[in-house]
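# Chain and residue survey
The primary structure of each chain is shown beneath.
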Amino acid sequence: MIKVLRHPACYSAPSQFGGQFRKPLKLALSSTTRLSVPTIDSKLSSTTSFNCFSTKNDNTHQSSSQSFSALSDDTPWDSGNVWSNMAFYMFTLHIPLSFGWLSVVVEILQEPSLNPLTEAMSLLLAQCLELIATLLLLKYTAKPEYEFMNFFKVNELSEERNWLLASAIGFGFLFALVVLTSFLVNGFLEPKDVNSPILKELLVSSNISKAACVLVYCIVTPLLEETVYRGFLLRSLSSSMKWQHAVLISSAIFSAAHFSGENFVQLFIIGCVLGSSYCWTGNLCCSFLIHSFYNAMTLVMTFLS
C-alpha cells in the first residue's frame, strides 16, 4: 500500500514571511533601503531551501515506510462495515460452528461421545460450512462494483515481489519465533505438552480421519482464517491507518478468536508474521502457504509424539 503524502510545494513561501510580502517595499533610493532588500531575499531563499530539503526528507522517510506494504488503499468493503461484518462473523459463524458444532452433532446422534472418525468428519464439515458462509458474507457486503473473483486480486507491485520466497522466509522466521517464545514462556510458567491428545487420537484412529484432519488443518482452516483476518480485516484496516498498526490489531483479534489464553502470545506472533508477509507481497497465497505449512508441521509433530 503506497500512500501519496501531500505536502506544500517547495517553491511556496514560508508562512513566517507572509507579513513581509503583504507590505509593499519602499522604493526610496537610500543606501539603507537598497541593502535591506537583498537581506530579505537571502533570508527567504535560505529558509525556503531548508524547508524544501526537510519536506523531501520527510517524504522519503514516510514513503519508504509505507512502500513496504503492497496493499491497495481501495478495498471492496466500506470502512463502516468492517466491525459489523467481524461481529456478525464471530458470533453467528465462528463461535457456533468452531466451538459448538460437535455438541450439536452429539445431540443429533444421541450418543454420549463421538468416535474419532465421526468427530474428524464433523470438524471437516463445520469448517467447510464456515468457509462457504464467510465467503457469501464478504460477497454480499462488498461494494457493488467489485466482482467476487476480484476480491483478492494482486496489483502491479505485488506481481513484482516473489511471494514464494517470502513464504519460505516467513515460515523459517515464524518457526524460530515460536520456538523462542516457547522457551521463554516455559521459563516463567510450568511447561505444558503442546500436542493435543484429542488430535493425536484422530490422527492414529484411521486413514479416513487422518485425511480429514489434513484437509481441515492444512487447507480449509488456513484458507478460512487468512481470508477473514488478512484478506478482509487487515486489508480493510490498512486502508485507513498505517500497515503496522493494522497488523497489530488484526493479529490481536486473530489470537483472541482462538479462545486460548495460554497460547495467546504465540498466536499473536503467528498473526504478526502472517500479516507482515501479506502486507509485503499483497498476495494472500503467501500467508496461506505459511499458515498451511505451520499447521502441517504441528500435525506431524503430534502424530510422531
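What you are looking at is a predicted structure, and each value in this text was computed from that prediction instead of being measured.

### Considerations on the nonpolar core
- Grouped together as the largest cluster of nonpolar side chains are 51 residues, with contacts concentrated most on Met86, Tyr89, Leu174, Tyr229, Phe232, Leu233 and Ile270.
- Counting residues per element, the ones that place at least two in this core are α3 (82-99), α5 (116-140), α7 (163-188), α8 (197-205), α9 (207-238), α10 (243-256), α11 (264-281) and α12 (284-304).

### Concerning the UniProt feature "transmembrane region" (unreviewed entry) in the chain
- Taken from the UniProt record, the annotation "transmembrane region" (unreviewed entry) applies to residues 87-109, 121-142, 163-184 and 267-290.
- Strand forms 0% of residues 121-142 and helix 91%; the C-alpha atoms that close the span are 32 Å apart.
- Split by type, residues 267-290 is 92% helix and 0% strand. Its first and last C-alpha atoms lie 14 Å apart.

### Quick word on the environment of Phe259
- Checked against the element boundaries, Phe259 lands in the loop between α10 and α11.
- On the accessibility criterion, Phe259 (53% relative accessible area) is exposed.
- Counting along the chain gives 164 residues from Phe259 to Ile95, while the straight-line C-alpha distance between them is 9.8 Å.

### Let's talk about the packing of α5 against α8
- The geometry of α5 relative to α8 is characterised by a closest axis approach of 9 Å and an angle of 105 degrees between their N-to-C directions. As summarised for this structure, α5 and α8 are arranged roughly perpendicular, according to the angle between their axes. Across the interface between the two elements, Pro116, Glu119, Ala120 and Leu123 from α5 touch Ile198, Glu201, Leu202 and Ser205 from α8.

### Observations concerning the state of the cysteines
- According to the stated counting rule, one finds 0 disulfides in the structure shown.
- With no disulfide of its own, Cys286 lies 8.8 Å from the sulfur of Cys285, the closest cysteine sulfur.
- For Cys286, a relative accessible area of 0% corresponds to the buried category.

### Remarks on α9
- Along its length, α9 shows its largest kink, about 35 degrees, at Val216.
- Of all 32 residues that make up α9, 23 are buried, and the element is covered over most of its length.

### Observations concerning the packing of aromatic side chains
- A complete count under the given rule lists 6 aromatic pairs for this structure.
- Ring geometry for Phe68 versus Trp243: centroids 4.4 Å apart, planes at 15 degrees, classification stacked. One end of the pair, Phe68, is in the loop between α2 (31-66) and α3; the other, Trp243, is in helix α10, and 175 residues separate them in sequence.
- Overall, the relative accessible area of 11% leaves Trp243 in the buried class.
- An aromatic cluster is defined as three or more aromatic residues linked by ring pairs; in this entry it consists of Tyr89, Tyr229 and Phe254.

How each quantity is defined
Residues numbered from 1 in each chain as written. Predicted model: local features only at pLDDT ≥ 70, side-chain atom pairs only at ≥ 80, totals over all residues. Heavy atoms only, no water. Core = buried A, V, L, I, M, F, W, Y, C linked by side-chain atoms within 4.5 Å. Buried < 20%, exposed > 50% of the residue type's maximum accessible area, 1.4 Å probe, protein only. Helix = DSSP H or I, 4+ residues; strand = E, 2+ residues; numbered from the N terminus. UniProt positions renumbered as here; feature names shortened; annotations may be inferred. Axes fitted to C-alpha atoms, helices over the stretch in contact; angles between N-to-C directions. Parallel < 35°, antiparallel > 145°, perpendicular 65-115°, else oblique. Contact = heavy atoms within 4.5 Å. Disulfide = S-S within 2.5 Å. Bend = angle between axes of the 7 residues up to and from the residue. Phe/Tyr/Trp six-rings, centres within 6.5 Å; stacked < 30°, edge-to-face > 60°.

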